[in-house]
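# Structure at a glance
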Amino acid sequence: MNRNQVRPQRRHATPSRIERVRRQAVPKPRVIIALLLLLGLVSVMLLDGYLRAEVGNDQRVRSDASASKVPDSVLDGGPFLSFQGGTARTQAVPDKTIVLTFDDGPDPEWTQKVLDILDDNDVPGTFFLVGSMISRYPDVVRRMVDDGNEVGVHTFTHVDLSYQSAARVTREIAQTQLALAGAAGITTTLFRAPYSSTNDAIDNYSWPVYKKLGAMGYTSVFVDTDSEDWQQPGASKIIKWATPKSGKGASVLFHDAGGNRAQTLEALPRYIKKMKSKGYTFTTVSGAQQQAQGQQAQGQQAQGQQAQAPQGTPATAGNARQSNPEQAAHRTADTATLWEGRALLGAVAVAEWTVPGLAAVLAVVGVAVLGRFAMMLVLARRHYRQRNRRRFSWGPSVTGPVSVIVPAYNEKECIANTLNSLAASTHPIEIVVVDDGSTDGTAEIAESLGLPNVRVIRQPNSGKPAALNNGVRHARYDIVVMMDGDTVFEPDTVQRLVQPFGDPEVGAVAGNAKVGNRTTVIGAWQHIEYVMGFNLDRRMYDLLRCMPTIPGAIGAFRRDAVLRVGGMSEDTLAEDTDITIALHRAGWRVVYAEHARAWTEAPASLGQLWRQRYRWSYGTMQALWKHRKSVIDRGPSGRFGRVGMPLVVLFQIVTPVFAPLIDVFTVYAMIFVDFKASLLAWLAVLLVQLVCAAYAFRLDRERYRYLLMLPLQQIAYRQLMYLVLIHSCVTAATGGRLRWQKLKRTGEVGTPSPGTGVR
């Protein structure tokens, strides 16, 4: 590149979506959208945990309760319990009749194979379904009903209803019915309680539940013989235990889900063939009830009595499906229930895809985060050893005077401290204060100090980029240092900052920005972020020759380099990132001077912090989008596009957006999976971060006591930064604009002592 001639050139035009920033307020709905995204994520994960029965434990609470309140006729009766007219009645399965019942499904693997066996043997079954499983596998339920099988409710989360509140009982049933309606367009009047077996297992705790459900029109179904297939005793024993004695009819229990059902699949066809060879027929619960009613009617007719169907039976109640008597318990779902059920299935489908997808993203993010930490540690150590060697030199010592530009807008609290710190500089400087239309007397304060080599330039309020450009035009020297009006320098800061210009390839230098007001919690959080996140990053980017940002608080530039790329652009809110990338694309090298320290006043409230980081993140997105063509450029511009651009996008946008997933999934796992293991995993990640932070503090010679705030920073501060970044992404996606955000200053960061800084 020919650097002998200073020829201003037009900066790259900004795309239409990222136009010149104007003074327009931020639409509040974007904040709401960011919060809604987080709420939506939490809701989806809660739904997923609920569906997988990971909320609470689905185990029997008690098994030795008294049955003194249960009528003997129920304890000794048949397996079908209903409450016709408010009176408990039971029905037995007719002789030589088998009702195959299956619990805990549907399962996408085992239930499908059970249905195949039933089809091959031309026998129906009655499936008692768990609502959460229905909502996850509706296609299996649809096939089940279409094949002529009957279905019943087995609660939504497979919880023992005996010790639940009345509201919980109603909710478990209603949610399962909604899932059924969404899956197959039906509801059912059959119910089987989890952990139930024969009638004599009813106790004083479960009896009120059966009475409540009976009053709602449900028939509770028990078993006569239990195959005990869940114990996996072998196919022969399953067949033996499922076989009724002496030609009696039976409601037989198998399982089509809840574990490995290979033995059930082996035993079931053999069992069906065995019972058929003994003259048994197979039917559903409704089929057995109708057979029993038919036999009762025949007996009454033989005795000369008029046959009457029991009132309220599934065959006669409501809008029952009459096409198949073996599905008489099914009801056609009304329109409202049907659409509510479909909505439930839709939400479940979203959760089913979202949570595993987010888990995969989390794995990628975790690898990226750990990879970033490893890269930072390796390169930061290499950077430190390289720059702190005794023989290291940038070239000839830079001793000539430089221009320090101080843009100021309403900085009356800070401007005196800033200028006094510059007046103590050990390097010859001129100070150019550009007052950007201040209304608080900032310019007057600067002039009243009577400091040598200070010029105050007044301009109408035009924004920080215009103020910096004005300062560059008025600068008398070839090297210009830019700083913020709330920042103070150490006496040797300028001298250390300009030494890299001894290398003619260097066009700009980033200094080491420090948080001066770190005594508060918010200040301490930002202090950790500055030392670990910003400065450790800059060491890495320096070695990779793709420094993305020269901080506005402390940066030095060759004046001709700034002019060649068109000056400080007003196209974005991150003019510091914009100018840095432009310099890279122009072929200049940008480096990091770790010993050139500046002390800045960080936002002191959450509101101010939000506004600052919102501007930073949105401005960075604008700058990256503006310079997106650098990815396909050749030469120096292409180097930044192919190395720096991906790293910035990955580490400053993508990873921070998804990093909170670590915390969200940790909470999810603590509540729904394994608290101890999840906590240990989170602590392990925290330990890695602590190691990186401690190393960064060691390199910057900072006190380790601030690291005590790191766990709280990870819990609270990171979530705030996540919301800020989401807010910025929404603004960028919708083409919104932001006004310049002036932060409230206190002036508490004073002039530092030589070589010590503010601790």
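Please refer to the structure placed before this passage.
Scope of this entry: the structure provided in the associated data block. Note that this is a predicted model, so its numbers are computed, not measured.

## A few points about the overall build of the protein
If you tally the helices and strands in the protein, you get 23 helices and 20 strands. When burial is assessed residue by residue, the protein has 56% of its 759 residues classed as buried. Long-range pairs, those at least 24 residues apart, make up 82% of the contacts in the protein between residues at least 6 apart in sequence.

## Some points on the environment of Arg387
Position of Arg387 among the secondary structure elements: in helix 11 (residues 335-387). Since its relative accessible area comes to 11%, Arg387 is described here as buried. Along the chain, Arg387 and Glu594 lie 207 residues apart, while their C-alpha atoms are 8.9 Å from each other. Non-local contacts of Arg387, meaning those with residues more than four positions away in its chain, are made with Phe392, Trp394, Asp542, Arg589, Tyr592 and Glu594.

## As for helix 6 (residues 166-184)
Helix length check: helix 6 (19 residues) gives 27 Å between terminal C-alpha atoms against 27 Å at 1.5 Å per residue, within 8%. Most of helix 6 sits out of view: 14 of its 19 residues are buried. Gly185 occupies a position one or two residues after helix 6 and carries a positive phi of about 75°.

## What to know about the packing of helix 3 (residues 110-121) against helix 5 (residues 138-146)
Two quantities define a packed helix pair, namely the angle between the axes and the distance from one axis to the other. The contact between helix 3 and helix 5 brings their axes to 10 Å, and the two run at 15°. Taken together, the axes of helix 3 and helix 5 are roughly parallel relative to one another. When the axes of helix 3 and helix 5 are compared, the crossing they make is left-handed. Side by side, helix 3 and helix 5 meet where Thr111, Gln112, Leu115, Asp116 and Asp119 of the first sit next to Val140, Arg143 and Met144 of the second.

## Regarding the pairing of strand 1 (residues 80-84)
Most of strand 1 sits out of view: five of its five residues are buried. The alternating pattern of strand 1 places Phe80, Ser82 and Gln84 and Leu81 and Phe83 on opposite faces, both of which are buried. The sheet contact formed by strand 1 and strand 8 (residues 219-221) spans two bridges and is antiparallel. By the bridge assignment for strand 8, Phe80 is matched with Val221.

## A short note on the packing of aromatic side chains
Applying the stated criterion to the full structure yields eight aromatic pairs. On the basis of an interplanar angle of 65° and a centroid distance of 5.7 Å, the ring pair of Phe254 and Tyr271 is categorised as edge-to-face. Here the residue Phe254 occupies a position in strand 10 (residues 250-255), and Tyr271 occupies one in helix 9 (residues 262-277), the gap between them amounting to 17 residues. A single burial state applies to Phe254 and to Tyr271, both of which are buried. What links up through ring pairs into an aromatic cluster is the set Phe102, Phe127, Phe254 and Tyr271.

## As for the side chain of Asn517
Along the chain, Asn517 turns up in the loop between strand 18 (506-515) and helix 16 (521-544). Taking the relative accessible area as the measure of exposure, Asn517 reaches 5% and is therefore buried. There is a polar contact of 2.9 Å between the side chain of Asn517 and the backbone nitrogen of Ala602.

## Some thoughts on the pairing of strand 15 (residues 454-459)
As paired strands, strand 14 (residues 429-436) and strand 15 are joined by six bridges and run parallel to one another. Among the inter-strand pairings, Val433 is bridged to a residue of strand 15, identified as Val456. As for the winding sense of the linkage, the β-α-β connection from strand 14 through helix 13 (residues 442-448) to strand 15 is right-handed.

## With respect to the sheet that holds strand 19 (residues 555-558)
The sheet built from eight strands is open, its strands ordered 15-14-13-16-19-18-20-17 with mixed pairing. Two strands close off the open sheet at either side, each with one partner strand: strand 15 and strand 17 (487-489). In this sheet, neighbouring strand axes are inclined to one another by 30° on average, regardless of whether the strands run parallel or antiparallel. Relative to strand 20 (residues 589-600), strand 17 is paired through three bridges, and the arrangement is antiparallel. When the sheet's bridge partners are listed, Phe489 is paired in strand 20 with Ala598. Set on the sheet, helix 12 (residues 415-423) makes contact with strand 13 (402-408), strand 14 and strand 17; between it and strand 17 the angle comes to about 15°.

## A few points about the pattern of salt bridges
All told, the structure shown has 29 salt bridges when counted by the stated rule. Linking Glu266 and Arg270 is a salt bridge whose minimum nitrogen-to-oxygen distance equals 3.6 Å. Placement of both Glu266 and Arg270 in helix 9 is noted, with a separation of four residues, approximately one turn of the helix. With its nearest N and O atoms 2.8 Å apart, the salt bridge here joins Lys514 to Asp700. Of this pair, Lys514 sits in strand 18 while Asp700 sits in the loop between helix 22 (675-699) and helix 23 (710-734), and the two are 186 residues apart along the sequence. For the pair Lys514 and Asp700, one class covers both residues: buried.

## Topic: helix 19 (residues 606-626)
Compared with an ideal rise of 1.5 Å per residue, which puts 21 residues at 30 Å, helix 19 spans 30 Å between its outermost C-alpha atoms and is within 8% of the ideal. For helix 19, a buried count of 16 out of 21 residues is recorded, marking the element as mostly surrounded by other parts of the structure.

## Some words on the environment of Thr264
Tracing the sequence through the fold places Thr264 in helix 9. On the basis of relative accessibility, which here comes to 1%, the residue Thr264 falls in the buried class. With 35 residues separating them in the primary sequence, Thr264 and Asp229 have C-alpha atoms 6.2 Å apart. In this structure, Thr264 is in contact with Asp229, Ile238, Phe254 and His255, ignoring residues within four places of it in sequence. At 2.8 Å, the side chain of Thr264 forms a polar contact with the side chain of Asp229.

Parameters and conventions
- Residues numbered from 1 in each chain as written.
- Predicted model: local features only at pLDDT ≥ 70, side-chain atom pairs only at ≥ 80, totals over all residues.
- Heavy atoms only, no water.
- Helix = DSSP H or I, 4+ residues; strand = E, 2+ residues; numbered from the N terminus.
- Buried < 20%, exposed > 50% of the residue type's maximum accessible area, 1.4 Å probe, protein only.
- Contact = heavy atoms within 4.5 Å.
- Expected span 1.5 Å × (residues − 1).
- Axes fitted to C-alpha atoms, helices over the stretch in contact; angles between N-to-C directions.
- Parallel < 35°, antiparallel > 145°, perpendicular 65-115°, else oblique.
- Left-handed = near helix turned anticlockwise from the far one by under 90°.
- Pairing = 2+ DSSP bridges.
- Phe/Tyr/Trp six-rings, centres within 6.5 Å; stacked < 30°, edge-to-face > 60°.
- Polar contact = N/O pair within 3.5 Å; in protein donor to acceptor, adjacent residues only side chain to side chain.
- Right-handed = clockwise from strand over helix to strand, strands pointing away.
- Salt bridge = Lys/Arg side-chain N within 4 Å of Asp/Glu carboxyl O.

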